[in-house]
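Structural characterization, general
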Amino acid sequence: MIPIPQAFAASYAQARVKFLEAAASASTQIESHRHPLPGRDGELLALDLALDGDAQSERLLIVSSACHGVEGFCGSGVQVFALHDADWRQQARDAGVAVLYLHALNPWGFSHLRRVTHEGVDLNRNFPDFSQPLPVNTAYRQLHPLLLPSQWPPDAAHRAAVQDFIAREGVAAWQTAISGGQYEFPTGLFYGGHAPTWSHQTLRGVLARRAGRARRVAWIDLHTGLGPPGVGERIWAGGQNAAGVARARRWWGEQVTSIHDGSSTSPPLTGLMWSAIDAAAPQAEYTGIALEFGTEPILEILDALRGDHWLAQHPEAPPALAADIKARLRRAFYTDTDAWKGQIVSQARQALMQAVQGLSEGGRGTAA
C-alpha cells in the first residue's frame with residue numbers, strides 16, 4: 001500500500017506513468033490502445049488496461065476511469081492505489097474474481113482538460129442505437145443560445161436570463177435540461193454525437209474480448225461532479241432492471257440510487273455507456289454502479305462546463321482567460337486536497353471489496 005496522495009497525479013501523462021508502473025509491479029496483463037491524436041503536451045495517449053487475475057475467470061470486476069476526461073484525476077488515483085493495495089488484491093484472488101482496470105476511457109479529454117472526447121462528444125451519451133432516430137431534447141434546444149453566449153464571462157443580460165430561468169423553473173430543471181443528453185448541437189454541452197466515437201469503439205472491442213467468458217460481471221465506473229463534497233453516490237449503472245437494482249443494493253447497500261426512479265442526484269440520461277456490456281457479454285449477469293464523488297455545487301459545475309465549451313469555440317481568447325477557464329474546470333471535477341483524496345479512496349476501496357463479495361455469491365468458479 002502507498003500513501004494515498006502518492007496515487008494521484010497532476011496531469012494525464014503523470015497519471016498514465018503511475019498506472020502503468022503500478023500495473024507492472026502487480027504483474028498484471030497490460031494492454032494499450034493508442035489514441036490517434038497527441039496529448040496537450042505532445043504525449044502519447046491511450047486507453048490502457050490491466051487485468052489482475054485469471055483471464056478465464058467466470059467472475060469479472062471492471063473498474064474504469066476518465067469516461068469524462070477531466071474526471072480522470074480522481075478515477076486514476078483510485079485505480080493506482082488499488083493496484084498497490086495488497087490486501088484488496090488478495091481478497092479478489094481468493095474469491096476467484098478477475099479485475100479489469102480500464103485507465104482513461106477518454107484519454108484525450110483527460111490530457112486536454114476537457115470533459116468531452118476529441119470529437120466534442122460526451123462519451124456517456126454516445127451509446128444510443130444509432131440505427132434509430134436519436135433522442136430529442138427540446139428543453140436543451142431552448143436553452144442552447146443562452147448557455148453559450150458570444151462573450152465570456154457572460155454579460156449582465158445573459159446572467160440575468162439564467163437567474164430568471166432558475167428562479168422560475170428551479171435548479172433541477174436547469175440541470176435536467178442541460179445534462180440529460182442532446183444530439184442536435186455539436187458544439188453544445190452533453191452532446192451525444194451522431195456516430196460512435198473512438199473511445200466508444202475501442203471500449204466495445206475491449207469488452208467483447210475481455211468479458212465474453214464471464215458469467216457474472218460487475219462494473220464500477222468512477223466519476224466526479226455530483227453531490228456533496230467528498231461523498232460517493234452509488235448510482236445504478238444500467239437500464240430499468242428491478243432485479244439488477246435489487247442486487248446492487250444487496251451488494252453496496254440500500255443507498256444505491258437510480259436515475260430511473262428519481263432517487264439519484266443525476267437526472268434521467270440518454271445514450272449511456274454501460275449498455276455496451278449487454279452486447280459484449282449477453283451471457284453474463286451484470287451488476288454495476290457509477291461511483292460519483294461530489295466536488296462543488298451543481299450550478300458551479302455547469303457554469304465551469306459552459307466556460308470550457310465557450311473556450312473551445314474561441315481559441316483566440318486571451319491566455320489569462322483561457323487559463324482561468326481551465327483551472328475552474330479542473331476544480332469543478334477534482335478537489336486537489338489530501339482530505340478529499342482520503343475520502344475518495346476509503347469509499348472506493350469499500351465499494352471494490354463489496355463488489356468482490358457480491359460476485360462471490362454462490363462460490364468460486366472458472367469458465368470451462
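Summary of the structure given here.

Each value, and the rule that gives it
- Residues numbered from 1 in each chain as written.
- Predicted model: local features only at pLDDT ≥ 70, side-chain atom pairs only at ≥ 80, totals over all residues.
- Heavy atoms only, no water.
- Pairing = 2+ DSSP bridges.
- Helix = DSSP H or I, 4+ residues; strand = E, 2+ residues; numbered from the N terminus.
- Axes fitted to C-alpha atoms, helices over the stretch in contact; angles between N-to-C directions.
- Contact = heavy atoms within 4.5 Å.
- Core = buried A, V, L, I, M, F, W, Y, C linked by side-chain atoms within 4.5 Å.
- Buried < 20%, exposed > 50% of the residue type's maximum accessible area, 1.4 Å probe, protein only.
- Phe/Tyr/Trp six-rings, centres within 6.5 Å; stacked < 30°, edge-to-face > 60°.
- Lys NZ or Arg CZ within 6 Å of the ring centre and 35° of its normal.
- Parallel < 35°, antiparallel > 145°, perpendicular 65-115°, else oblique.
- Left-handed = near helix turned anticlockwise from the far one by under 90°.

Across the sheet, seven strands lie side by side as E1-E2-E4-E3-E5-E7-E6; this open sheet has mixed pairing. In the strand order of this sheet, the two ends are held by strand E1 (29-34) and strand E6 (232-236), each with one partner. Averaged over all adjacent pairs, the angle separating strand axes in this sheet is 20°, with direction ignored. The pairing of strand E3 (residues 59-64) with strand E5 (residues 216-229) spans six bridges and is parallel. Bridging from a neighbouring strand, Val 63 pairs with Ile 220 of E5. Along the sheet, helix H8 (residues 198-210) contacts E1, strand E2 (46-52), E3, strand E4 (97-103) and E5; its crossing angle with E1, the most-contacted strand, is approximately 150°. The strands that helix H9 (residues 242-252) touches are E5, E6 and strand E7 (285-294); relative to E7, the one it contacts most, it runs at about 60°.

Core analysis: the largest hydrophobic core is formed by 110 residues, its most contacted members being Leu 61, Trp 174 and Ile 220. With nine residues, helix H13 (residues 338-359) is the largest single contributor of residues to this core. Residues within four places of Ile 220 in sequence aside, it is in contact with Leu 61, Ile 62, Val 63, Ser 64, Trp 252, Ile 289, Leu 291, Ala 351, Leu 352 and Ala 355. In terms of nonpolar packing, the next biggest core, distinct from the first, is built from six residues, Trp 310, Leu 311, Ala 317 and Ala 322 among them.

A ring pair, where both rings are aromatic, is described by two values, the distance of the centres and the angle of the planes. The tally for this structure, following the rule as stated, stands at nine aromatic pairs. Between the aromatic rings of Phe 8 and Tyr 334, the centroid separation amounts to 6.4 Å while the plane-to-plane angle is 20°, which identifies the pairing as stacked. Taken together, the residues Phe 8 in the segment before helix H1 (12-25) and Tyr 334 in the loop between helix H12 (319-333) and H13 connect sequence positions 326 residues apart. One exposure class covers both Phe 8 and Tyr 334, and it is buried. Aromatic pair Phe 165 and Trp 174: ring centres 5.6 Å apart, planes at 55°, arrangement tilted. For the pair Phe 165 and Trp 174, one class covers both residues: buried. Between Arg 330 and the ring centre of Phe 73, over which it is positioned, the NZ or CZ distance is 4.6 Å.

Positionally, Gly 271 belongs in the loop between H9 and helix H10 (276-280). In contact with Gly 271, not counting residues within four places along its chain, are Leu 123, Asn 124, Arg 125, Asn 126, Phe 127, Pro 128 and Tyr 183.

Contact pair helix H2 (residues 72-83) / H13: the axes reach a minimum separation of 10 Å and the direction vectors enclose 60°. Viewed along their axes, H2 and H13 adopt a mutual orientation that is oblique. By crossing handedness, the relation of H2 to H13 is classed as right-handed. Along the contact surface, H2 presents Cys 74, Val 78, Phe 81 and Ala 82, while H13 presents Trp 340, Ile 344, Val 345, Ala 348, Arg 349 and Leu 352.

Interpretation in functional terms is not warranted from these geometric data alone.
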